[in-house]
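# Secondary and tertiary structure notes
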Amino acid sequence: MFTRYRTVLAHPGALRFSLTAMAARLPISVSTLGVVLLVTGLGHSYGLAGALSAAFTICNGLSSVVQGRLLDRLGQSLVLPVVASLYGLGVVGLVVALESGWPQPVAFVSAALAGAAYPPIGSAVRARWSHVLKGRPSEVQTAYALESVIDEAIFIIGPTVATVLATRWHPWAGLGLALVTGVPGTLALAAQRSTQPVPHLGSHGSGPRPAMPWVPVIVLAAVSLALGSMFAAAEVSTVAFAGEQDAKAYAGVLLACWALGSMLAGLVTGTFHWRRSPASRVRVGAFLLALVMVPMSFVGSMAVMGVALFVAGFAIAPTLIATMSAVEQGVPAARLTEGIAVIHTGLAAGLAPGAALAGLVIDAHGASPSYLVALGGGVVAALASLALPTSSTARPTTEGARERRVP
């Protein structure tokens, strides 16, 4: 069943850069949580914790597309060490500012620097896979599935370990985990030059920089934004639901069930040779994600909710994998990292409004009705996906892109 995974990992350097990227992107699952644990653990307010987390998240969203463009133009070996060092500087500055009682603006500047500098490792490693597996679209699909599984594993393991460290050892330990995995991991990934995509500087006879097919990319970003809102709303609603059931300590278990369903589905997705185009699978996946949210408002027990979330999780990874595959097949190779970064930015941009709207509904009507916010996000994603062409994201604009198209 998993022969396809062994095949892609057998390519020279593939296993090494995939594992390295796993460590490098662990901070994305613990950075904002680490900020909250640090701030509240030192006796400051949740309001300050939320504001600093927002500064990190907003700056990260604003910079990721710019970083993606720089990675495509200058190369990972040049850009990643710089941004990783700045990220480390921002994290250290934030910890020292809060621990030492420095003025709050210093903490905000540090959080903003850390967020802006945190590299889009998910985009970088997927671009690396596309380069290593050029001309093998089916294997790229499997590699993207593998990375989706790793993403889910990170979001299961990272927050759990960070919380234990910060609550039982020291408040800064959660951010410390992000620091000691993210910076060395990113530097190690940058050092693996043999598998990095070739930089496209628009010189050396390569001609002008190829155009980005913005219309389909923006449609995919809109789908991702709606999905991000759905994920955030469902997460907040689940925490509130567990609280109403007098089992708030088990909210993490419910969310782990959700992530586990997605991880298993992602694993299976990578074993198939898909005949449907990625755009078609995005439409089906978005519709299913909306559908699985329908029963959530009617669930009344922790056990049933765990099962419902586990089943709902099976629609997540295949949809996200199809989204990334649609970008990979439609965007010129010279701008692939940038294109994937746009999708990640869309997902991140949807988190705040989804969580905020769900919170308002929870305050006014309770946890169960707030799942309707997640349902709404799924419906919007499904409607937005209808604007995608059936065959592919866009007509490839380079010979390399034509080679990657699924027949």
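Residues numbered from 1 in each chain as written. Predicted model: local features only at pLDDT ≥ 70, side-chain atom pairs only at ≥ 80, totals over all residues. Heavy atoms only, no water.

## Quick look at the overall build of the protein chain
Within the protein chain, the secondary structure is distributed over 17 helices and zero strands. By residue count, 56% of the 407 residues in the protein chain fall in the buried class. The long-range fraction of contacts in the protein chain, counting pairs at least 24 apart against all pairs at least 6 apart in sequence, stands at 84%. For the protein chain, the accessible surface area stands at approximately 16600 Å², while carbon and sulfur atoms represent 70% of it. (Helix = DSSP H or I, 4+ residues; strand = E, 2+ residues; numbered from the N terminus. Buried < 20%, exposed > 50% of the residue type's maximum accessible area, 1.4 Å probe, protein only. Contact = heavy atoms within 4.5 Å. Areas by Shrake-Rupley, 256 points an atom, 1.4 Å probe, with all protein chains shown as cover.)

## Things to note about a nonpolar patch on the surface
On the surface, Val284, Phe287, Leu288, Leu291, Val294 and Phe298 cluster together into a nonpolar patch covering about 590 Å² of accessible area. In this fold, Val294 is placed in the loop between α12 (278-293) and α13 (302-313). (Patch = residues over 30% accessible without salt bridge, like charges linked within 9 Å, V, L, I, M, F, W, Y side chains within 5 Å. Salt bridge = Lys/Arg side-chain N within 4 Å of Asp/Glu carboxyl O.)

## Quick notes on the nonpolar core
Looking at soluble globular proteins, one finds that nonpolar side chains tend to be buried together. Within the largest apolar cluster, 112 residues are counted, with the highest numbers of intra-cluster contacts made by Leu52, Tyr87, Trp129, Trp258 and Met293. Considering each element in turn, this core owes the most residues, 14 residues, to helix α10 (residues 214-244). Those residues within four positions of Tyr87 in sequence are excluded, and the remaining contacts are Pro27, Ser31, Phe56, Ala114, Ala117, Tyr118, Ala178 and Val183. (Core = buried A, V, L, I, M, F, W, Y, C linked by side-chain atoms within 4.5 Å.)

## Digging into the side chain of Ser64
Within the element layout of this structure, Ser64 appears in helix α4 (residues 46-74). Reaching out from Ser64, the side chain makes a polar contact with the side chain of Thr345 at a distance of 2.4 Å. Apart from residues lying up to four places away in sequence, Ser64 is in contact with Pro120, Ala341 and Thr345. (Polar contact = N/O pair within 3.5 Å; in protein donor to acceptor, adjacent residues only side chain to side chain.)

## Remarks on the pattern of salt bridges
Using the criterion set out here, one finds five salt bridges in the structure. With its nearest N and O atoms 2.7 Å apart, the salt bridge here joins Arg25 to Asp151. Note that Arg25 is positioned in the loop between α2 (14-24) and α3 (27-41) and Asp151 in helix α8 (residues 137-168), a separation of 126 residues in sequence. In this structure Arg25 comes out as buried when scored by relative accessible area, which is 3%. Close ionic contact of Arg69 with Glu338 constitutes a salt bridge, the shortest N to O distance being 2.8 Å. With Arg69 in helix α4 and Glu338 in helix α15 (residues 336-365), the pair connects residues that are 269 residues apart, well separated along the chain. For Arg69, a relative accessible area of 34% puts it in the partly exposed group. A residue is classified by how much of its surface remains accessible, and Glu338, at 0% relative accessible area, is buried. Through salt bridges with shared partners, one network takes in Arg25, Arg126, Glu147 and Asp151.

## Observations regarding unusual backbone geometry
Residues other than glycine seldom take positive phi values, yet Asp246 does so here, at roughly 55°. Within the fold, Asp246 resides in the loop between α10 and α11 (251-269).

## Points about the packing of α8 against helix α9 (residues 173-190)
Contact geometry of α8 with α9 gives a least axis separation of 7 Å together with a crossing angle of 130°. In terms of orientation, α8 and α9 fall into the oblique class. Counting all contacts with α8, which are made through Gly158, Val161, Ala162, Leu165 and Ala166, the residues of α9 involved are Ala173, Gly174 and Leu177. Residues of the contact of α8 with α9, tallied by class, amount to six nonpolar, two polar and no charged. (Axes fitted to C-alpha atoms, helices over the stretch in contact; angles between N-to-C directions. Parallel < 35°, antiparallel > 145°, perpendicular 65-115°, else oblique. Nonpolar A, V, L, I, M, F, W, Y, C, P; charged D, E, K, R; others polar.)

## Considering the environment of His131
Structurally, His131 is set in helix α7 (residues 121-132). Spatially, the C-alpha atom of His131 lies 20 Å from that of Val149, the residues being 18 residues apart in sequence.

## What to know about the packing of helix α5 (residues 76-100) against helix α6 (residues 104-117)
Closest axis-to-axis distance for the α5/α6 pair is 7 Å, and the angle between their directions is 155°. The orientation of α5 with respect to α6, classified from their angle, is roughly antiparallel. The element α5 and its partner α6 pack so that their crossing is left-handed. Contacts between α5 and α6 pair Val83, Leu86, Tyr87, Leu89, Gly90, Val91, Gly93, Leu94, Ala97 and Leu98 from the former with Val106, Ala107, Ser110, Ala111, Leu113, Ala114 and Ala117 from the latter. Class assignment for the residues of the contact of α5 with α6 results in 14 nonpolar, three polar and no charged. (Left-handed = near helix turned anticlockwise from the far one by under 90°.)

## Digging into the packing of aromatic side chains
A full pass over the atoms with the stated rule returns five aromatic pairs. Aromatic side chains Phe310 and Phe314 sit 5.2 Å apart centroid to centroid with 85° between the ring planes, which places their arrangement in the edge-to-face category. A relative accessible area of 28% means that Phe310 is categorised as partly exposed. What makes Phe314 partly exposed here is its relative accessible area of 34%. (Phe/Tyr/Trp six-rings, centres within 6.5 Å; stacked < 30°, edge-to-face > 60°.)

## Quick notes on helix α14 (residues 316-330)
Taking 1.5 Å per residue as the helical rise, α14 with its 15 residues ought to reach 21 Å, and the 22 Å between its terminal C-alpha atoms agrees with that figure. Summarising burial for α14: 13 of the 15 residues are buried, a large majority. (Expected span 1.5 Å × (residues − 1).)

## Examining the confidence of the model for the protein chain
Averaged over all residues, the pLDDT of the protein chain is 86; the fraction at 70 or higher stands at 93%. Every residue in residues 392-407 scores below 50 in pLDDT, and together they form 42 contacts with partners more than four places removed in sequence or on other chains. (pLDDT = per-residue confidence, 0-100.)

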